[in-house]
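Examining the three-dimensional arrangement
For reference, the chains in residue letters:
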Amino acid sequence: MNATAKASVNAPTKPPLHFDTPVQMIKGVGPQRAELLAQRGIHTLGDLLNYLPFRYEDRIRFSTIKELLPGNVYTLRVKVLSGQAVRGMYGRDAIYHLLVQDATGSLPCKFFHGQYLENRLKPGQSLILHGKVEIDKLRPARREMVNPQMEILSSEELDSTETGRIVPIYEAIGTFGSRAIRRAMYAAVQSIPSGLPDILPAALRLKLSLPSRRDALIQTHFPDAGESVELLNIFRSPAQQRLIFEEFFRYQLSIALDRQTTRRENAIPFRLREEKIRAALKRILPFKPTTAQKRALGEIAADLEKPFPMNRLLQGDVGSGKTIVALQAAVIAIENATQAALMAPTEILAVQHYLSAKRVLEPVGYRVELLISGMKFGEKAAALERLANGEANLAVGTHALIEDNVKFARLGFVAIDEQHRFGVLQRKRLMDKAATHGHAPHVLVLTATPIPRTLSLTIYGDLDVSILDELPPGRTPIITRLTTEQHLPGVWESARREVAAGQQVYIVYPVIEESKLELKAAIDEFARLRKDVFPKFHLGLLHGRLSSEEKESVMQDFRKNEINILVATTVVEVGVDVPNATAMIIEHAERFGLSQLHQLRGRIGRGAKKSHCILVAPPRMTEVAKARLDTMVRTTNGFEIAETDLLLRGPGDFFGTRQSGDLGFHIANPIRDKDLLESARKEAFALAEDTTQKPALTQILRALPEEWQRRYNLARIG
Ligand code: ADP
Ligand code: MG
């Protein structure tokens, strides 16, 4: 593998760069692209190299138009014959009809939402098309490609990254397209330092026949001609397997080390059998807990009595009532003369938790403190002071809670909501805040992501699991309906009825990356809705680019029902709790992932009134998109939805890039790569426990990102 790897990528012409060289030093990355990359957390050469292809095309031998069979996927090299955009029936979206040819024949292609192609394609241009061949429904004798992936080749720019090889396909980053990324990556790969440190011990690499880190990176980005495209496309090439193994290994090693540490750590054993505490727990309850809530609190309480830290995951579908369970645990901590902290993934959610914690706890005499980054300086300083001197009993906040200037007088219990949004490291940092007082806090992690139990044990390491498998009583099921844009007038009418009856409505737009372009579409649409569709109602707009104050003021108005209809992006996805909102309209529902749709829909159906969710999608969409939406219509059961999600995504990315990224995964997928996960776990635990392996361990930790190094402070294990 070594020799061929070097042959496929030319020897560096310039002195090799370092892994922490800024991306802008790489050929093909200017200031603008560097900015786009930075938004994705890609700052250095090392970061860029971790941005891996999601698919590969065999461009050594192209298929010919003559040989195409319906139902199969092909890569073609063709020339444009003609093209034309035809407006759709409802005005908004045009279909672009394209006719292409190669030496063996011609082929029609269709691009939905294809207006943008009108000015980009010209007769005679060379293209590479990749997609499935289908039968034209109107003329069954005809074959066509619908929405194929396309790359425009301009012959003067043609180089060895384009054709004549197995070509990596990258997900575009904003306007930084796959092809441009590939060129930059080619330059990046050429400058990989030759002495690249390898965190896998040599003995282990030998035992498992894994290639070196350097070769694995080169071969994953620009595979040799001899590699199998089929294996590459299912992430099973030796190079990819090595990278996957490494990511799991690193992560499992951290879990193994953590477990060793936790076992050695002390926590304050809480007393909870006293009458005063029992009474406090009862007093804060605004309603009768469900059986599941009682059981979960029992399990938590049993942990809290022990002299070592609780590490428990509270898993429950959206709306199952995790918050109050966490608050009860906080009360136990407070009654034991310690402080509690509750960390939420977004400011909106932090403020909401703060308000409900205040409502429940302050009448009983506990002091609740809010801590978010958008606070005024003076307020923040005062809050910090009260946390440090112990006046505050519970701190609710975002990641602002883990900043260095935050000190607790005596932190005893930590709850982390929607854990998958936080990095493992962030969780640790909050725990470290208490460690300075000679004891570790008890930790409860709240998650609405229903994952199979075996998997959650692997992912979350040694967290114990409590499950809320029951919804609070008095909920009427949400009715979900799928419709097309054509029927929007009727949809708006039903929203008007809802508001007329005193209820509130969410309208959600697919602003997922909060990019300028997406945001503009949502803002324009908001203006249009307010002016033309709902002139008599109060509308609010909520998106991720608003300041904390703006966000909070919109949410406040919505909570007070001063906003009837909230037009929002996915910022409302997590945790927002306004029971009076009984309808949700999701536009372009086909663009959302299944778990995201489920989270969004969880915002309604929170009161006793019947709730409606309307999914608006185009009449034609991919089979997978259709299956997602059908699932949403069929069921509201989170576990069922998660399972379907798994099936639909297949080897795809169940955890979503954000979650996987948090675990330090760029390529590893715990579901697809279960076998590697298990083997990596075994090897990592063996290494951590083998006292003769200390030097190897130290060496690995030195090669870890700085933040991990600090965490596993080398002195401790050295
Ligand atoms: P999630 O598990 O999604 O975080 P929340 O904690 O936000 O759910 O609870 C959802 C809603 O249900 C809240 O309005 C909460 O006050 C209410 N709730 C929770 N438990 C009960 C219960 N046992 N009886 C009635 N309402 C409850
Ligand atoms: Mg919640």
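For the structure itself, consult the block above.
First, a word on what this report is: a plain description of the structure on this page.

Basis of the calculations
- Residues numbered from 1 in each chain as written.
- Chains lettered and ligands numbered in written order.
- Predicted model: local features only at pLDDT ≥ 70, side-chain atom pairs only at ≥ 80, totals over all residues.
- Heavy atoms only, no water.
- Helix = DSSP H or I, 4+ residues; strand = E, 2+ residues; numbered from the N terminus.
- Areas by Shrake-Rupley, 256 points an atom, 1.4 Å probe, with all protein chains shown as cover.
- Near = heavy atom within 4 Å.
- Polar contact = N/O pair within 3.5 Å; in protein donor to acceptor, adjacent residues only side chain to side chain.
- 1 Å grid on protein atoms, 1.4 Å probe; cavity = no way out; pocket = protein on both sides within 12 Å on 5 of 7 lines; lining within 4 Å.
- Sits in = over half its atoms within 2 Å of the grid points.
- Nonpolar A, V, L, I, M, F, W, Y, C, P; charged D, E, K, R; others polar.
- Phe/Tyr/Trp six-rings, centres within 6.5 Å; stacked < 30°, edge-to-face > 60°.
- Salt bridge = Lys/Arg side-chain N within 4 Å of Asp/Glu carboxyl O.
- Buried < 20%, exposed > 50% of the residue type's maximum accessible area, 1.4 Å probe, protein only.
- Pairing = 2+ DSSP bridges.
- Axes fitted to C-alpha atoms, helices over the stretch in contact; angles between N-to-C directions.
- Contact = heavy atoms within 4.5 Å.
- Left-handed = near helix turned anticlockwise from the far one by under 90°.
- Points joined across faces, edges and corners; volume = space filled by probe spheres on them.
- Domains from an automatic or database assignment.
- Expected span 1.5 Å × (residues − 1).
- Core = buried A, V, L, I, M, F, W, Y, C linked by side-chain atoms within 4.5 Å.

The next point concerns the overall build of the protein. The secondary structure content of the protein amounts to 26 helices and 21 strands. Per element, the accessible surface of the protein, about 31,700 Å² overall, is 54% carbon and sulfur.

Every one of the 16 residues lining ligand 1 counts as a neighbour, but Gly-319, Lys-322, Thr-323, Arg-475 and Asp-577 are closest to it. A distance of 2.6 Å separates an oxygen atom of ligand 1 from a polar side-chain atom of Thr-323. The fraction of the free accessible surface of ligand 1 (560 Å²) that becomes covered by protein chains is 83%. When each cavity is represented as a set of grid points, ligand 1 is found to reside in the second largest pocket. Tallied by class, residues from the shell around ligand 1 come to four nonpolar, six polar and six charged.

On to the packing of aromatic side chains, then. For any two aromatic rings, the description comes down to two numbers: the centre-to-centre distance and the angle of the planes. Applying the stated criterion across every chain yields a total of six aromatic pairs. Where Tyr-186 meets Phe-222, the ring centres are 5.0 Å apart and the plane angle is 85°; that geometry is what we call edge-to-face. Note that Tyr-186 is positioned in helix α4 (residues 178-190) and Phe-222 in the loop between α6 (213-221) and α7 (229-233), a separation of 36 residues in sequence. Members of the aromatic cluster, joined through ring pairs, are Trp-492, Phe-534 and Phe-537.

Quick look at the pattern of salt bridges now. Going through the model one piece at a time under the given rule, you end up with 33 salt bridges. Asp-469 is paired through a salt bridge with Arg-295; the nearest N and O atoms lie 3.3 Å apart. With Asp-469 in the loop between β15 (464-468) and β16 (478-483) and Arg-295 in helix α10 (residues 291-304), this residue pair connects regions lying 174 residues apart in the sequence. Of the residues examined, Asp-469 reaches a relative accessible area of 54% and is grouped as exposed. Among the ionic contacts, a cluster of salt bridges with common partners joins Arg-55, Glu-57, Arg-59, Glu-151 and Arg-182.

If you walk across this open sheet you meet the seven strands as β11-β12-β10-β13-β14-β9-β15, and the pairing is parallel. Only two strands of the sheet have a single neighbouring strand rather than two, namely β11 (368-371) and β15. If you compare each strand with its neighbour and ignore which way they point, the axes differ by 20° on average. Sheet topology note: the strand β10 (residues 339-343)/strand β12 (residues 394-397) ladder contains four bridges and is parallel. Residue pairing across strands places Ala-341 opposite Ala-395, the latter belonging to β12. Together, β9 (311-316), β13 (411-417), β14 (442-447) and β15 form the strand contacts of α10, whose direction differs from that of β15 by roughly 160°. Sheet strands touched by helix α13 (residues 377-388): β10, β11 and β12. Its angle to β11, the strand with the most contacts, is close to 130°.

Turning next to the packing of helix α9 (residues 275-284) against helix α11 (residues 322-335). At a minimum axis distance of 10 Å, the contact between α9 and α11 shows a crossing angle of 145°. Seen from above, α9 lies across α11 with right-handed handedness. Packed against α9, whose contacting residues are Lys-276, Ile-277, Ala-280, Leu-281 and Ile-284, the element α11 presents Leu-327, Gln-328, Val-331, Ile-332 and Glu-335 at the interface. Its residues assigned to classes, the contact of α9 with α11 shows seven nonpolar, one polar and two charged.

This part is about the pairing of strand β8 (residues 166-169). Residues Ile-166 and Pro-168 line one face of β8 and the alternating positions Val-167 and Ile-169 line the opposite face, and both faces are buried. By the bridge criterion, four bridges tie strand β1 (residues 55-58) to β8 in an arrangement that is antiparallel. Each residue of the ladder has a partner; that of Tyr-56, found in β8, is Pro-168.

Moving on to the environment of Pro-108. You can see Pro-108 is positioned in strand β4 (residues 105-111). Each C-alpha atom, one on Pro-108 and one on Glu-144, is 5.2 Å from the other, the two residues being 36 residues apart in sequence. With near-sequence residues (within four places) excluded, Pro-108 lies in contact with Leu-98, Leu-99, Arg-142, Arg-143, Glu-144 and Met-145.

With that out of the way, let us pick up the layout of surface pockets. By volume, the second largest pocket is sized at about 850 Å³. Counting only elements with at least two residues in the lining of the second largest pocket, the list comes to α11 and α12 (347-361). At six residues, the largest contribution of residues to the lining of the second largest pocket is made by α12. Within the lining of the second largest pocket, the residues separate by chemical class into eleven nonpolar, twelve polar and ten charged. Both domains that meet at the lining of the second largest pocket, namely domain 4 (275-468) and domain 5 (478-635), each give it at least three residues.

Turning next to α4. Taking 1.5 Å of rise per residue, the 13 residues of α4 would be expected to cover 18 Å, and the 18 Å separating its terminal C-alpha atoms lies within 8% of that figure. Counting buried positions along α4 yields twelve of 13 residues, so the element is predominantly enclosed. Here α4 has its buried residues at Ser-178, Arg-179, Ala-180, Ile-181, Arg-182, Ala-184, Met-185, Tyr-186, Ala-187, Ala-188, Val-189 and Gln-190.

Within the secondary structure, Thr-220 is located in helix α6. Here Thr-220 is in contact with Leu-52, Pro-53, Tyr-56, Ala-239, Gln-240 and Leu-243, once residues within four sequence places are set aside.

Although it is not a glycine, Ser-209 sits at a positive phi angle of roughly 45°. By the element assignment, Ser-209 lies in the loop between α5 (202-207) and α6. We classify Ser-209 as exposed; its relative accessible area is 62%. Positive phi is not limited to glycine here, since Asn-561 has a value of about 60°. For Asn-561, the location among the structural elements is in the loop between α18 (548-559) and β19 (565-568).

Of all hydrophobic cores here, the largest spans 68 residues; its most connected members are Leu-304, Leu-361, Leu-371, Leu-394, Phe-408, Phe-413 and Leu-444. No other element matches the ten residues that α11 contributes to this core. Leu-361 has contacts with Ile-284, Leu-327, Val-331, Tyr-366, Val-368 and Leu-394, leaving out every residue within four places of it along the chain.

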